[in-house]
Amino acid sequence: MPSDNIALKPKDYKSDIKPIWCPGCGHYSVLNAITKAMSALQLEKRNVAIISGIGCSSRLPAYTDMYGFHGVHGRALPVATGLAVARPELTVIAVGGDGDGFSIGGNHFLHACRRNVNFVYIAMDNEVYGMTKGQASPTSPPDWDHSKLAPHGTQIKPFQPAAIALASGASFIARAYSGKPNAMAKMISEAIEFPGFAFIQALSHCITFCPEQSQWKDIVRPFDEEATSDSVVAAQRIHGDDGFSAGVIYKNPRPCWPVEQLDKTARSHIPDAVNALGEEFRL
Ligand code: SF4
Ligand code: MG
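The text that follows walks through the structure, step by step, so that each part is easy to find. Keep in mind that this is a model prediction, so the values were computed, not measured. Think of each chain on its own: its residues are numbered from 1, step by step along the sequence as written. For naming, the first written chain is A and the first written ligand is 1, with later ones following in the order written. Restriction of local features to residues with pLDDT of at least 70 applies here, the model being predicted, together with a cutoff of 80 or more for giving and counting side-chain atom pairs; totals for whole chains, interfaces and linings are based on all residues. Heavy atoms throughout the structure, all of them, feed into the side-chain values; hydrogens and water do not.

### Considerations on the site of ligand 1
Part 1 of the argument: Residues are labelled near a given molecule or strand when at least one of their non-hydrogen atoms is within 4 Å of it. Taken together, the residues surrounding ligand 1 are Trp21, Cys22, Cys25, His27, Cys56, Asn126, Gly130, Cys206, Ile207, Thr208 and Phe209.
Part 2 of the argument: Under the grouping applied here, Gly and all other residues not named as nonpolar or charged are polar, the nonpolar ones being Ala, Val, Leu, Ile, Met, Phe, Trp, Tyr, Cys and Pro and the charged ones Asp, Glu, Lys and Arg. For the shell around ligand 1, a count of residues per class yields seven nonpolar, four polar and no charged.

Structure (structure tokens):
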């Protein structure tokens, strides 16, 4: 709870900077869902860090009144990993888009799932590179032909974030939709409270370059079942779905990357290691 015992409202977690997202962009709802989750949990602003890469969605840290880091393309997860390991008392949230996170950042995504360091990753998926004016991304449908660079579509099978997260060892996997910000806020709260790496694929429409995504409001529906802790059931659920069912899909806590051990052993060796390096390079 905040030290002054005054409850923080969602707007208290926002900065004075007005977002420059296009009117109607889904990312406004994701920002609202994040600040609602902060308020629901009454997190102290000084104990939260929002880390991003590059892209329309990666502008989000600037629109919050918490610590933030607007990094380089595809590299939000290594920064978030380092911060969460070094400062385990913080709530660390990485945000970004599908281009940033699943293309250049794809490698980091696999290993963040595998490592299970305790932070939340919200990937705002609009199936397009929005900031660079509408090129096909890893999650674009194969026949999406709006881009001059792929006038016949990419004809490439889209990247499957939830399936790949499960196969890579993620222990919390969810899918949210920007058209349902309250449900997304609840999911973000659950992800923050989850002990370990928590991945949320947030379907967040790009109204400018993919206006057809406005139809998502008629397509997205909740998963029929509650989250499962059985990875086989989760795999069946993910592969049996068209990618438009929302909810927490899989939740199965396992030990986080050993921060505690790092505290007790590796950290105590850091001065020795630094000294040894210094000796090695002494002229
Ligand atoms: Fe949002 Fe698309 Fe505009 Fe970027 S280009 S701000 S993703 S609507
Ligand atoms: Mg995108």
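Once the structure has been displayed, the description carries forward.
### With respect to the coordination of the magnesium ion (ligand 2)
Part 1 of the argument: Note on the magnesium ion (ligand 2): its protein donors are Asp98 (OD), Asn126 (OD1) and Val128 (O). The metal-donor distances range over 2.2 to 2.3 Å.
Part 2 of the argument: If you list the donors of the magnesium ion (ligand 2) from N- to C-terminus, the spacing comes out as D-x27-N-x1-V. Of this pair, Asp98 sits in helix H3 (residues 98–104) while Val128 sits in strand E5 (residues 128–129); the two residues are 30 residues apart in sequence, bridging distant segments of the chain. Each member of the pair, Asp98 together with Val128, is buried. Metal donors: N, O and S atoms at distances within 2.8 Å, or within 3.2 Å for Na, K and Ca, with water omitted from the atom set so that some sites may seem incomplete. Each helix corresponds to a stretch of at least 4 residues labelled H or I by DSSP, and each strand to a stretch of at least 2 residues labelled E; elements are numbered beginning at the N terminus. Only protein chains enter the accessibility calculation, which uses a 1.4 Å probe. A residue is then buried if its area is under 20% of the maximum for its type, exposed if over 50%, and partly exposed in between.

### Side note on the nonpolar core
Part 1 of the argument: Ranked by size, the top nonpolar core spans 35 residues in total, and within it Ile34, Met38, Leu60, Ile122, Ile188 and Ile200 carry the most contacts.
Part 2 of the argument: Elements supplying a minimum of two residues to this core: helix H1 (27–41), strand E1 (48–52), strand E3 (91–97), strand E4 (120–125), strand E7 (172–177), helix H6 (181–193) and strand E8 (198–203).
Part 3 of the argument: When residues no more than four places from it in sequence are discounted, the contact partners of Met38 are Tyr13, Leu43, Val48, Met66, Ile93 and Ile192.
Part 4 of the argument: Remark: nonpolar core denotes a set of buried residues (Ala, Val, Leu, Ile, Met, Phe, Trp, Tyr, Cys) joined through side-chain atoms within 4.5 Å. Counting 32 residues, the second-largest nonpolar core is a separate cluster that includes Leu90, Phe102, Tyr121 and Ala165. Here, residues are in contact when the closest pair of their heavy atoms is within 4.5 Å.

### Describing the pairing of strand E10 (residues 245–251)
The side chains of a regular strand alternate between both faces of the sheet.
Part 1 of the argument: Most of E10 sits inside the fold, with six of its seven residues counted as buried.
Part 2 of the argument: With four bridges connecting them, E7 and E10 associate as antiparallel partners. Residue pairing in the sheet places Ala174 in a bridge with Val248 of E10. Strands pair, by our definition, only if DSSP identifies at least two bridges between them.

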